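# Chains, contacts and geometry: an overview
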Number of protein chains: 2
Amino acid sequence: MAKRGFKVELYERREDIRKAAIVKGRSINLALSVRGREALRHVGLEDEVVKNGIPMHARMIHNTDGSCNPILYGTKSQFIMSVDRRKLNEVLLEAAEHKYAVKCYFEHKLLQKQMMKETLFDYQQQYIPHGYMELTINPTSENLFAMPANYLHIWPRNEYMMIALPNLDKSFTCTLFMPFEIFNSINTAEEAIQFFKDKFPDSIPLIGAENLKKTYTSSKALPMISIKSSPYHYKDKVVIMGDAAHAIVPFYGQGMNAGFEDCIVLNEFLDLHKNDLEKALAGYSEHRVPDCQAICDLAMYNYIEMRKSVNSRLFLMRKSLDNMLYKIFPSSWVPLYTMVSFTRTRYHECIAKRKWQDEVGSSSTSSIFCLYKVPYLLH
Amino acid sequence: MAKRGFKVELYERREDIRKAAIVKGRSINLALSVRGREALRHVGLEDEVVKNGIPMHARMIHNTDGSCNPILYGTKSQFIMSVDRRKLNEVLLEAAEHKYAVKCYFEHKLLQKQMMKETLFDYQQQYIPHGYMELTINPTSENLFAMPANYLHIWPRNEYMMIALPNLDKSFTCTLFMPFEIFNSINTAEEAIQFFKDKFPDSIPLIGAENLKKTYTSSKALPMISIKSSPYHYKDKVVIMGDAAHAIVPFYGQGMNAGFEDCIVLNEFLDLHKNDLEKALAGYSEHRVPDCQAICDLAMYNYIEMRKSVNSRLFLMRKSLDNMLYKIFPSSWVPLYTMVSFTRTRYHECIAKRKWQDEVGSSSTSSIFCLYKVPYLLH
């Protein structure tokens, strides 16, 4: 907006993250992929963010017996990036203040809820029955990464999972995702260790038994919410974007990317309507609602994929078949994960295309397609 | 609560309806059925409310050619009642203040939204794309009802409809339900009259052409919202009931009835847990959420039935078959409308039982069941 010549004031409910001692209650790192990168490019910040990120080319699956196997995200040259939430915010705020003369006010609350009264505002918030807790894997005594760095590590255990993303300081941030019921059934340090011994044995020496006990007993599992709303605008006065309009669960690594892509889309509608705010906001909202509702659903779905499907031989067969077809038909058979993370295919089209692939596959002779569909996306 | 010995203070956002000049923005009459009556019986008010109500034994369908045909709601002895919103509130408030020593404070707002922050509160609000507008049919010059009184009159026109309920003063309150799009396409008094000539010709002499023009052009179509939430309680501190927990669209005439039944159910849980609020509220919430979500869905569904299905021969055949089976198996084949309006069968069981009827019917030889199911309840 500032780049377009608007005078911009920014009101932020939280304190200035650049001055914060610790950033509480939110994950330390974020997965940056194509949509987020393109938005950063629009404001000339892609390079600076990327140079502070760590590429992750594949999932590294940790089995219960301690063995590991990687699953590529896309082609060998494609990757998502682990970026530091604080560093990213610093880069954005510095640019906003100094490059674009945005005036920033922190610890100021705006009344988003007001929207609900001003217009026929459809709104849905849903907590999932799972919570999350963060743990840390420190660098080794030689100050090296304790696991291979360029992976998103996953310990998929069907009903729950742990993941780990690399940080620039060579630590990993682990996040344990589980039903609150299970969190609540594990109360003492001893129970926590026993649980990890049974389920994530290879992680204990990495996290450290004492560290694990201490973190587990002093932390509380945090909730995750999914929010859908519509429309996103009110006349020429208000537009809600990012988490304010569509908070999603973190399992597709698309929360930030979707929010940043919102900016690209709004920018296009401002171009189209020559800065006529009423038309641009209405156009943006109508265009963007189905896509953001689609990424909400995709993010829900991907939790099942991450914690469960990756353990299934059928899933892996389908994946390799998808990859093969992608090589043969690079423009028409793009795997779902690739569409979401490595292209700017509209999210709702990602779902539609995947359904089409499932249908074509099912009507062909390959039984893999018959068995491995994504009906859960149809909710 | 007062009857149980609690000290009760009542905070009401609106003004005291007993002192209000006009009651704006809400329909004038409500349809009272079994659930509401039973709750009123618990506080000794059933008789007083019923004596001020007008029984409606059947729907009276008004066809475009001006002909009419009734469709019974249940057996000949079963009926719903048109009651006056204001009168009902007066009876309740008088009893609360004078019979049960409840202290009432009007124009005081409580922060329901606070719940959303205090607990993992799932919430969904949805506006339907239809609005409503009220019109009046005055008594005749001989001070008689202008149409047969003991009916809920319906002008079903597939995509929209008008209904009329009788009032004690021998007027009828008509409500026109239509997509906002259609409301917005009819702007002048002349367009309104033309529309009524085409669609509701027999209503024009009843409403009066001038009255119709004046009301249509001076009124605004009002929105309808459907709200689902869960849970309904927060510890032993808060419980939300009625519209605060589950606002529903008006098409099943169950909004008030469901809210009143909430009171019976809470009362039962207070009995069960001997006034232990924490247990009673948790029990109430767990028990009641699926039922109130079911009545939200049923109310949405019944709009389709009222404006569209009643025009279908198939619907009428299914209805008479249901009634026949009901006579043969009075305890196991209760028609859906009867379960909802004339029994206290839990709402979610009403849906389950109807689905079972559909299934049994479909697997039998009767093609009516194969053709007339209620798949729209499965959304």
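Remember, it's a predicted structure, so these values are computed and weren't measured experimentally.

This part takes up the sheet that holds strand β6 (residues 80-84) of chain A. Residue and element names in this part refer to chain A. If you trace the 3 strands from one edge of the open sheet to the other, you get β2-β6-β3, paired in antiparallel fashion. In the strand order of this sheet, the two ends are held by β2 (29-32) and β3 (54-56), each with one partner. Averaged over all adjacent pairs, the angle separating strand axes in this sheet is 35°, with direction ignored. Two elements, β3 and β6, share 3 bridges in a ladder whose sense is antiparallel. Within the sheet, the bridge partner assigned to Pro 55 lies in β6 and is Met 81.

A few words now on the pairing of strand β10 (residues 161-166) of chain B. All names here are of chain B. For β10, the tally of buried residues reaches 6 of 6 residues, placing the bulk of the element in the interior. Of the two faces of β10, both are covered, the one formed by Met 161, Ile 163 and Leu 165 as well as the one formed by Met 162, Ala 164 and Pro 166. Pairing of strand β9 (residues 151-156) with β10 involves 4 bridges; the strand directions are antiparallel. Each bridged residue has a counterpart across the sheet, and for His 153 the counterpart in β10 is Ala 164. Here β9 folds back onto β10, and the loop between the two strands holds 4 residues, one of which, Asn 158, carries a positive phi near 70°. Summarising the sheet, β10 and strand β11 (residues 172-179) pair through 6 bridges and their orientation is antiparallel. Each bridged residue has a counterpart across the sheet, and for Ala 164 the counterpart in β11 is Cys 174.

Per the counting criterion, the structure on display carries 47 salt bridges over all chains. As a salt-bridge pair, A:Glu97 and A:Arg18 come within 3.2 Å of each other at their nearest N and O atoms. Taken as a pair, A:Glu97 in helix α3 (residues 85-99) and A:Arg18 in the loop between β1 (9-12) and β2 lie far apart in primary sequence, 79 residues in all. Among the salt bridges present, the one from B:Lys228 reaches B:Asp297, with a minimum N-O distance of 2.9 Å. Here the residue B:Lys228 occupies a position in strand β12 (residues 222-230), and B:Asp297 occupies one in helix α11 (residues 277-307), the gap between them amounting to 69 residues.

Residues and elements named next belong to chain B. Positionally, Gln 293 belongs in helix α11. The exposure class of Gln 293 is partly exposed, given its relative accessible area of 27%. Along the primary structure Gln 293 and Asp 358 are separated by 65 residues, whereas in three dimensions their C-alpha atoms are 21 Å apart. Those residues within four positions of Gln 293 in sequence are excluded, and the remaining contacts are Lys 228, Ser 229 and Ser 230.

The next thing to look at is the confidence of the model for chain A. Per-residue pLDDT for chain A averages 91, and the proportion of residues at 70 or more is 92%. Counting contacts from residues 374-379 of chain A, a segment whose pLDDT is below 50, to residues more than four positions away or on other chains yields 11 contacts.

Further remarks concern the domain arrangement of chain A. Domain parsing of chain A yields domain 1 (127-223) and domain 2 (312-378). The gap between the C-alpha centroids of domain 1 of chain A and domain 2 of chain A is 31 Å.

What follows is about the environment of A:Pro231. Residues and elements named next belong to chain A. Relative to the assigned elements, Pro 231 resides in the loop between β12 (222-230) and β13 (233-234). A relative accessible area of 17% means that Pro 231 is categorised as buried. Distance from Pro 231 to Glu 142, taken between C-alpha atoms, is 53 Å for residues 89 residues apart in sequence.

All names here are of chain B. Spatially, β2-β6-β3 is the arrangement adopted by the 3 strands of the open sheet, whose pairing is antiparallel. One side of each edge strand has no neighbouring strand; the edge strands of this open sheet are β2 (29-32) and β3 (54-56). Within this sheet the neighbouring strands show an average axis-to-axis angle of 35°, counted without direction. The strands touched by helix α3 (residues 85-99) are β2 and β6 (80-84); relative to β6, the strand with the most contacts, the crossing angle is about 80°.

Each copy superposes on the other: chain A lies on chain B with an RMSD of 0.0 Å after a rotation of 180° and an axial shift of 0.0 Å. Look at the turn and shift together and you get a two-fold axis relating the two. Of the C-alpha atoms belonging to chain A, the one lying closest to the rotation axis is found on A:Gln124, 2.0 Å away.

Here the structure, examined in full by the defined rule, presents 37 aromatic pairs over all chains. Seen in terms of ring centroids, B:Phe177 and B:Phe251 are 4.9 Å apart; in terms of plane orientation they differ by 70°. Their pairing is edge-to-face. Within this pair, whereas B:Phe177 is found in strand β11, its partner B:Phe251 is found in the loop between α9 (243-246) and α10 (255-272), the two being separated by 74 residues in sequence. Summarising the burial analysis for this pair, B:Phe177 and B:Phe251 share the class buried. Through a chain of ring-to-ring contacts, the aromatic side chains of A:Tyr73, A:Tyr252, A:Tyr337 and A:Phe342 assemble into a single cluster. One Lys or Arg, A:Arg35, reaches over the ring of A:Tyr347 and ends 4.0 Å from the middle of that ring. Looking at A:Arg307, its charged tip hangs above the ring of A:Tyr303, at a distance of 4.3 Å from the centre.

Here we come to the pairing of strand β4 (residues 58-62) of chain B. Residue and element names in this part refer to chain B. Here β4 lies mainly inside the structure; 5 of its 5 residues are buried. Taking every second residue as pointing to the same face, both faces of β4 are buried, with Ala 58, Met 60 and His 62 on one and Arg 59 and Ile 61 on the other. Pairing geometry for β4 and strand β5 (residues 68-72), over 5 bridges, is antiparallel. By the bridge assignment for β5, Ile 61 is matched with Asn 69. The loop that links β4 with its antiparallel partner β5 comprises 5 residues; one of these, Gly 66, has a positive phi angle of about 90°. Bridge analysis of β4 against β9 gives 4 bridges, and the strand direction is parallel. Counterpart to Ala 58 in the pairing with β9 is Tyr 151.

A few words on the packing of α10(B) against α11(B). Residues and elements named next belong to chain B. Between α10 and α11, the shortest axis-to-axis distance is 9 Å and the interhelical angle comes to 150°. Two packed elements cross with a definite hand, and for α10 against α11 that hand is right-handed. Counted together, Ala 258, Glu 261, Asp 262, Val 265, Leu 266, Phe 269 and Leu 270 of α10 and Leu 277, Ala 280, Leu 281, Gly 283, Tyr 284, His 287, Arg 288, Cys 292 and Ile 295 of α11 form the full contact between these two elements. Class assignment for the residues of the contact of α10 with α11 results in 11 nonpolar, 2 polar and 3 charged.

The next subject is the side chain of B:Asn302. All names here are of chain B. Along the chain, Asn 302 turns up in helix α11. Taking the relative accessible area as the measure of exposure, Asn 302 reaches 1% and is therefore buried. A polar contact is formed between the side chain of Asn 302 and the backbone oxygen of Phe 251, at a distance of 2.8 Å. Excluding residues that lie within four positions of it along the chain, Asn 302 makes contacts with Arg 59, Phe 251 and Tyr 252.

Cut-offs used in this document
Residues numbered from 1 in each chain as written. Chains lettered and ligands numbered in written order. Predicted model: local features only at pLDDT ≥ 70, side-chain atom pairs only at ≥ 80, totals over all residues. Heavy atoms only, no water. Pairing = 2+ DSSP bridges. Helix = DSSP H or I, 4+ residues; strand = E, 2+ residues; numbered from the N terminus. Axes fitted to C-alpha atoms, helices over the stretch in contact; angles between N-to-C directions. Buried < 20%, exposed > 50% of the residue type's maximum accessible area, 1.4 Å probe, protein only. Salt bridge = Lys/Arg side-chain N within 4 Å of Asp/Glu carboxyl O. Contact = heavy atoms within 4.5 Å. pLDDT = per-residue confidence, 0-100. Domains from an automatic or database assignment. Least-squares fit on C-alpha atoms with pLDDT ≥ 70 in both. Phe/Tyr/Trp six-rings, centres within 6.5 Å; stacked < 30°, edge-to-face > 60°. Lys NZ or Arg CZ within 6 Å of the ring centre and 35° of its normal. Left-handed = near helix turned anticlockwise from the far one by under 90°. Nonpolar A, V, L, I, M, F, W, Y, C, P; charged D, E, K, R; others polar. Polar contact = N/O pair within 3.5 Å; in protein donor to acceptor, adjacent residues only side chain to side chain.

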